[in-house]
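Here is what each chain is made of, one letter per residue.
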Amino acid sequence: MIEKKGIIYFDSDAEFEDWAVAPYATIKYKKNRNIPYTSGDLSNEYKAAIKEGKRFVIKDENSVVCKRGCVCKRVPLKIEASPTYNRDVLVQLSVDNLEPYFGILDNK
């Protein structure tokens, strides 16, 4: 990850996903119902960069994250009542401020 002029560059989708996704998912409940579901979140670093208006470039012309506008990653499920619980879940989260990558950017 390199930052230049308000743009943060990542070498791959995996690097961006590791940076942008919070390290664990939690269980939440639907409003007015007792129906549980798993919920992932974006990392504090990603949220801070968005708040500062930073843009993101993944240095891969075939980036799946850029095509879909979302990140997908398996993260551990954190349950406060059961700290030894060990299960990973897939989270899918929308991301903003992505810029397409063109190899010519490397020369700037």
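Please refer to the structure placed before this passage.
An account of the accompanying structure is given in this report. All residue numbers refer to positions counted from 1 along the written sequence of the respective chain. In view of the model being predicted, local features appear only for residues whose pLDDT reaches at least 70, and side-chain atom pairs are presented and counted only at 80 or more, with totals across whole chains, interfaces and linings using the full set of residues. Side-chain metrics rest on all non-hydrogen atoms present in the structure, leaving aside hydrogens and water.

### Observations regarding the pairing of strand β5 (residues 55–58)
- Pairing between strand β2 (residues 7–10) and β5: 4 bridges, direction parallel. In the strand pairing of β5, Phe10 is matched with Ile58. Between any two strands, at least two bridges found by DSSP are needed for them to pair. Comment: elements are numbered from the N terminus, with helices defined as DSSP H or I runs of at least four residues and strands as E runs of at least two.

### Things to note about the sheet that holds β2
- The strand order β1-β2-β5-β8 describes an open sheet built from 4 strands, whose pairing is mixed. Each having just a single partner strand, β1 (2–4) and β8 (98–99) make up the two edges of the open sheet.
- Pairing geometry for β5 and β8, over 2 bridges, is parallel. For Val57, the partnering residue across the bridge sits in β8 and is Glu99.

### Some details on the packing of aromatic side chains
- Aromatic pairing here means that ring centres of Phe, Tyr or Trp (its six-membered ring) are within 6.5 Å. Orientation follows from the plane angle: under 30 degrees is stacked, over 60 is edge-to-face, and everything else is tilted. Applying the stated rule across the entire model yields 9 aromatic pairs.
- The interplanar angle of 45° and the centroid separation of 5.2 Å between the aromatic rings of Phe10 and Trp19 together place this pair among those described as tilted.
- Ring-pair connections join several aromatic residues into one group, and the members of that group are Phe10, Phe16, Trp19, Tyr46 and Phe56.
- The lysine or arginine in question, Lys78, covers the ring of Tyr24, its NZ or CZ lying 4.5 Å from the ring centre. Counting as a charge over the ring demands two things of the Lys NZ or Arg CZ atom: a distance within 6 Å of the ring centre and an angle within 35 degrees of the ring normal.

### Notes on the side chain of Ser63
- Of note, Ser63 is situated in the loop between β5 and α3 (64–68).
- Whenever two N or O atoms come within 3.5 Å, that pair is a polar contact, provided that in protein one can donate a hydrogen and the other can accept it, and provided that, for residues adjacent in sequence, both atoms are side-chain atoms. In this structure the side chain of Ser63 is engaged in a polar contact, spanning 3.4 Å, whose partner is the backbone nitrogen of Val65.
- Residue contacts are counted whenever heavy atoms from the two residues lie within 4.5 Å of one another. When residues no more than four places from it in sequence are discounted, the contact partners of Ser63 are Asp13 and Ile58.

### Some details on the side chain of Glu17
- Within the secondary structure layout, Glu17 lies in helix α1 (residues 13–20).
- Every residue in contact with Glu17, bar those within four places of it in the chain, is listed here: Val65, Val71, Cys72 and Lys73.

### Some points on the environment of Ile8
- Residue position: Ile8 is located in strand β2.
- Spatially, the C-alpha atoms of Ile8 and Leu93 are 19 Å apart, while their sequence positions differ by 85 residues.
- The residues touching Ile8, leaving out its near neighbours within four places in the chain, are Met1, Ile2, Glu3, Trp19, Ala49, Lys54, Arg55, Phe56 and Val57.

### Side note on the nonpolar core
- As used here, the term nonpolar core means buried Ala, Val, Leu, Ile, Met, Phe, Trp, Tyr and Cys residues forming a set that is joined through side-chain atoms within 4.5 Å. Relative accessibility under 20% of the residue-type maximum defines a buried residue, over 50% an exposed one, and the middle range a partly exposed one, all with a 1.4 Å probe and only protein chains included. Counting 21 residues, the largest nonpolar core has Phe16, Trp19, Tyr46, Phe56 and Val95 as the members making the most contacts within it.
- For this core, the elements supplying multiple residues, two or more each, are β2, α1, α2 (44–51), β5, β6 (70–78) and β7 (88–94).
- Contact partners of Tyr46, with chain neighbours within four places excluded, come to Phe16, Trp19, Ala20, Phe56, Val95 and Asp96.

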